[in-house]
Amino acid sequence: MESLVKFVQDEFVARKEFAEFAAGDTITVYYEIKEGEKVRTQFFRGVVIQRKGVAASETFTIRKMSGTIGVERIFPVNLPSIQKIEVNKRGKVRRARIFYFRGLTGKKARITEKRRK
């Protein structure tokens, strides 16, 4: 049964190709918003806290600071309204899910950048 579900997801779910990113990376997600008749593009820039799921049900969580308030948003990878994902910085973290990041403020909330080879 699982192989049948996997086959259907592979065949019929349209996957977009985005840049590779992981937890700790700072990314910008550009997505469409419908307001009545109008459609506009909005972006959400923040640090990836986690990637979760596989194939069609994969999601990722982004956290940004809006003033002194932390804002998190969960995006499905296959969301049709996502136009593009831009990787701004590659972060160096030791975990796949950095929930401890929620409790950090100020200089402690900085993630060091990975060195390029």
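Residues numbered from 1 in each chain as written. Predicted model: local features only at pLDDT ≥ 70, side-chain atom pairs only at ≥ 80, totals over all residues. Heavy atoms only, no water.

In the annotation of an unreviewed UniProt entry, the protein is listed under the name Large ribosomal subunit protein bL19 and assigned to Polaribacter atrinae. In its Sequence similarities (unreviewed entry) section, UniProt records this for the protein: "Belongs to the bacterial ribosomal protein bL19 family." Of the comments in the UniProt record for the protein, the one headed Function (unreviewed entry) reads "This protein is located at the 30S-50S ribosomal subunit interface and may play a role in the structure and function of the aminoacyl-tRNA binding site." (UniProt positions renumbered as here; feature names shortened; annotations may be inferred.)

Caption draft 1: Looking closely at the sheet that holds strand E5 (residues 82-89). With antiparallel pairing, the five strands of this open sheet are ordered in space as E4-E3-E2-E1-E5. Looking along the sheet, the strands with just one partner apiece sit at the ends: strand E4 (69-76) and E5. When strand polarity is set aside, the average angle formed by the axes of neighbouring strands in this sheet is 40 degrees. Sheet analysis places strand E1 (residues 26-35) next to E5, joined by six bridges and oriented antiparallel. In the strand pairing of E5, tyrosine 31 is matched with isoleucine 82. (Pairing = 2+ DSSP bridges. Helix = DSSP H or I, 4+ residues; strand = E, 2+ residues; numbered from the N terminus. Axes fitted to C-alpha atoms, helices over the stretch in contact; angles between N-to-C directions.)

Caption draft 2: How the structure looks around the nonpolar core. If you look at the biggest cluster of nonpolar residues, it comprises 13 residues, and the most contacted ones within it are Ile27, Val29, Phe60, Ile62, Phe75, Ile82 and Ile85. Breaking this core down by element, the ones donating at least two residues are E1, strand E2 (38-52), strand E3 (59-66) and E5. Considering each element in turn, this core owes the most residues, three residues, to E1. Excluding residues within four positions of it along the chain, isoleucine 82 makes contact with Lys16, Phe18, Val29, Tyr30, Tyr31, Phe60, Phe75, Pro76 and Val77. (Core = buried A, V, L, I, M, F, W, Y, C linked by side-chain atoms within 4.5 Å. Buried < 20%, exposed > 50% of the residue type's maximum accessible area, 1.4 Å probe, protein only. Contact = heavy atoms within 4.5 Å.)

Caption draft 3: Representation of the environment of lysine 89 in the model. In this structure, lysine 89 sits in strand E5. Linking lysine 89 and alanine 22, residues 67 residues apart in sequence, is a C-alpha distance of 11 Å. When sequence neighbours within four positions are dropped, the list of residues in contact with lysine 89 reads Asp25, Thr26 and Glu113.

Caption draft 4: Up close: the packing of aromatic side chains. A full pass over the atoms with the stated rule returns five aromatic pairs. Considering the side-chain rings of phenylalanine 21 and phenylalanine 60, the 5.0 Å spacing of their centres and the 75 degrees angle between planes classify their relative orientation as edge-to-face. Within this pair, whereas phenylalanine 21 is found in the loop between helix H1 (2-12) and E1, its partner phenylalanine 60 is found in strand E3, the two being separated by 39 residues in sequence. Here phenylalanine 21 and phenylalanine 60 have matching classes, each one buried. Look at phenylalanine 60 and phenylalanine 75: their rings are 5.6 Å apart centre to centre, the planes differ by 25 degrees, and that puts the pair in the stacked class. With phenylalanine 60 in strand E3 and phenylalanine 75 in strand E4, the pair connects residues that are 15 residues apart, well separated along the chain. As far as the burial class goes, phenylalanine 60 and phenylalanine 75 line up, both buried. Following the ring pairs from residue to residue traces out a cluster consisting of Phe21, Tyr31, Phe44, Phe60 and Phe75. (Phe/Tyr/Trp six-rings, centres within 6.5 Å; stacked < 30°, edge-to-face > 60°.)

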